[in-house]
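Residue strings, one per chain:
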Amino acid sequence: MSNQQSRKIAIVGVGGVGGFLAGAIGSAYEEQLTLVARGVRLDTLKEQGLVLHSDQRGEICVHPHAVVTAQELEEQDYIFLCVKNYSLEEACEQIRHAVGEHTVVIPVMNGVDPGDRVRAALGCGIVVDSLIYIVAFVGADGGIVHQGGFARMRIGIKHANVREQQALAEVSEILTGADVEHLVADDIELEIWRKYILNCAYNVATAAYDNNIGQLRADPLKAKEFEDLVTEAYEVARAKGVAVRPEHRDEFFDRFHNVYRDDATSSLQRDLNAGKRAEIETFSGYLVREAARLGVAAPVSEKMYELLKKRVD
């Protein structure tokens, strides 16, 4: 990355994921970093900086170059877009003025289509697809709580041209400098769907029943439903031509039964319990509709979708 000390890096959306990235990137590029927030969050970040309580990194406090509203954001070289899926188009409209032809936008979000939606909404710049495996959320003190000792990103662009390959290399260099574990994926669509399949079970089951992973594992019926949710999402991916393989599905079964902490919860569950707007359509509605469109049987996903909708009625 040439002239890296002068590059402008912004993070839009300073919740769990955006807050973790702000802590990590800010530790390496504090004077180049701008955070975009609003309301009380904006005021807190201006007064106190970004505080990260991380099982992996320890206690970090970052004081970025600027904390601004979306309307105040200057044109940037790199923008990490970390908003909720349902806010994506609104966020793109708010930051459109800060995206030039050279700007690289990296949506780090849930769902399978944020990259394509950002390309359609902005119509300029270079969009790098990505995903992150992490457990992070805003704590009671306003700081970011990062649990579990891991944060793994994947970045990529399907059929990247030379200019896009250069953008990928630059984003990788930023993440390397910030010590964020990541890989440039050969098949980013596969990687995105692998995470999505997992979330179609992990987020959906924990939120529908308001159970943590330990409670789901302890109930044979719920444990079987978790496996069914994985299988149904896996079959939808196969029907869409995504290169998922049986070992990917089996990996998710193993994580559920043997890896996750008993007290693990999900972002969808936490949002519903807090009375916040939640990504039900991202994790459940989209999958149910795609299954119906493709003729894939998804009875457990349909059941969970109805349970989730009842929780917000």
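Look above for the structure.
Residues numbered from 1 in each chain as written. Predicted model: local features only at pLDDT ≥ 70, side-chain atom pairs only at ≥ 80, totals over all residues. Heavy atoms only, no water.

Examining empty space enclosed by the protein
- The final tally for this structure, using the stated rule, is 2 cavities of 30 Å³ or more.
- Counting residues per element, the ones that place at least two in the lining of the largest cavity are helix 4 (114-122), strand 9 (129-138) and helix 6 (188-209).
- Per-element accounting of the lining of the largest cavity gives the leading share, 4 residues, to helix 6.
- The computed volume of the second largest cavity comes to approximately 40 Å³.
- What lines the second largest cavity is simply Cys200, Val204, Leu229, Phe283, Ser284, Leu287 and Ser301.
- At 3 residues, the largest contribution of residues to the lining of the second largest cavity is made by helix 11 (residues 280-294).
- Along the lines of polarity and charge, the residues of the lining of the second largest cavity split into 5 nonpolar, 2 polar and no charged. (1 Å grid on protein atoms, 1.4 Å probe; cavity = no way out; pocket = protein on both sides within 12 Å on 5 of 7 lines; lining within 4 Å. Points joined across faces, edges and corners; volume = space filled by probe spheres on them. Helix = DSSP H or I, 4+ residues; strand = E, 2+ residues; numbered from the N terminus. Nonpolar A, V, L, I, M, F, W, Y, C, P; charged D, E, K, R; others polar.)

Some thoughts on the pairing of strand 1 (residues 9-12)
- In strand 1, alternate side chains face the same way, and those of Ile9 and Ile11 on one face and Ala10 and Val12 on the other are all buried.
- Here 4 bridges tie strand 1 to strand 2 (residues 33-36), and the two strands are oriented parallel to one another. By the bridge assignment, Ala10 is partnered in strand 2 with Thr34.
- Once you follow strand 1 into helix 1 (residues 16-29) and on to strand 2, the crossover reads as right-handed.
- Where strand 1 meets strand 6 (residues 78-81), 4 bridges bridge the pair, whose relative direction is parallel. Residue Ala10 lies in a different strand from strand 6, and its bridge partner there is Ile79. (Buried < 20%, exposed > 50% of the residue type's maximum accessible area, 1.4 Å probe, protein only. Pairing = 2+ DSSP bridges. Right-handed = clockwise from strand over helix to strand, strands pointing away.)

Notes on the environment of Ile192
- The residue Ile192 is located in helix 6 in this model.
- In sequence terms Ile192 and Asp113 are 79 residues apart; their C-alpha atoms lie 8.9 Å from each other.
- If we ignore the near neighbours within four places in the chain, the residues touching Ile192 are Gly111, Val112, Asp129, Ser130 and Leu131. (Contact = heavy atoms within 4.5 Å.)

Thoughts on the sheet that holds strand 1
- Strand order in the open sheet formed by 6 strands is 5-2-1-6-7-8, with parallel pairing between adjacent strands. Strands with a single pairing partner mark the edges of an open sheet, and in this sheet they are strand 5 (66-68) and strand 8 (126-127).
- Its contacts with the sheet place helix 4 against strand 6, strand 7 (104-107) and strand 8, and it is angled at close to 140 degrees to strand 7. (Axes fitted to C-alpha atoms, helices over the stretch in contact; angles between N-to-C directions.)

Quick word on helix 8 (residues 220-239)
- When the terminal C-alpha atoms of helix 8 are compared, their 29 Å separation across 20 residues agrees well with the 28 Å that a helix rising 1.5 Å per residue should span.
- Listed as buried for helix 8 are Lys222, Ala223, Glu225, Phe226, Leu229, Val230, Glu232, Ala233, Tyr234, Val236 and Ala237.
- As for helix 8, its buried residues are in contact with helix 6, helix 7 (213-218), helix 9 (246-259), helix 11 and helix 12 (299-312).
- For helix 8, the side-chain oxygen to backbone nitrogen distance between the N-cap and Leu221 is 3.0 Å, and the N-cap itself is Asp219.
- Just beyond helix 8, the residue with positive phi is Gly241, at close to 90 degrees. (Expected span 1.5 Å × (residues − 1). Polar contact = N/O pair within 3.5 Å; in protein donor to acceptor, adjacent residues only side chain to side chain.)

Notes on the packing of aromatic side chains
- Overall, the coordinates contain 4 aromatic pairs when judged by the stated rule.
- Measuring from ring centre to ring centre gives 5.2 Å for Trp193 and Tyr196, while their planes differ by 85 degrees; the resulting arrangement is edge-to-face. Taken together, the residues Trp193 and Tyr196, both in helix 6 and 3 residues apart, mark about one turn of the helix. Accessibility assignment for this pair places Trp193 and Tyr196 in one class, buried.
- An aromatic cluster is present here, built from Trp193, Tyr196 and Tyr286 joined pairwise through their rings.
- One cation-aromatic arrangement involves Lys222 over Tyr209; the distance from NZ or CZ to the ring centre is 4.6 Å.
- Against the face of Tyr305 rests Lys309, its NZ or CZ located 4.3 Å from the ring centre. (Phe/Tyr/Trp six-rings, centres within 6.5 Å; stacked < 30°, edge-to-face > 60°. Lys NZ or Arg CZ within 6 Å of the ring centre and 35° of its normal.)

What to know about the pairing of strand 10 (residues 144-156)
- In this structure, strand 3 (residues 50-54) lies alongside strand 10, joined through 3 bridges in parallel fashion. By the bridge assignment, Ser54 is partnered in strand 10 with His146.
- Connecting strand 9 to the antiparallel partner strand 10 that follows it, the hairpin turn spans 5 residues, and Gly142 within it adopts a positive phi of roughly 90 degrees.
- Where strand 10 meets strand 11 (residues 181-184), 4 bridges bridge the pair, whose relative direction is parallel. From the neighbouring strand, Ile155 faces strand 11, where its bridge partner is Val184.

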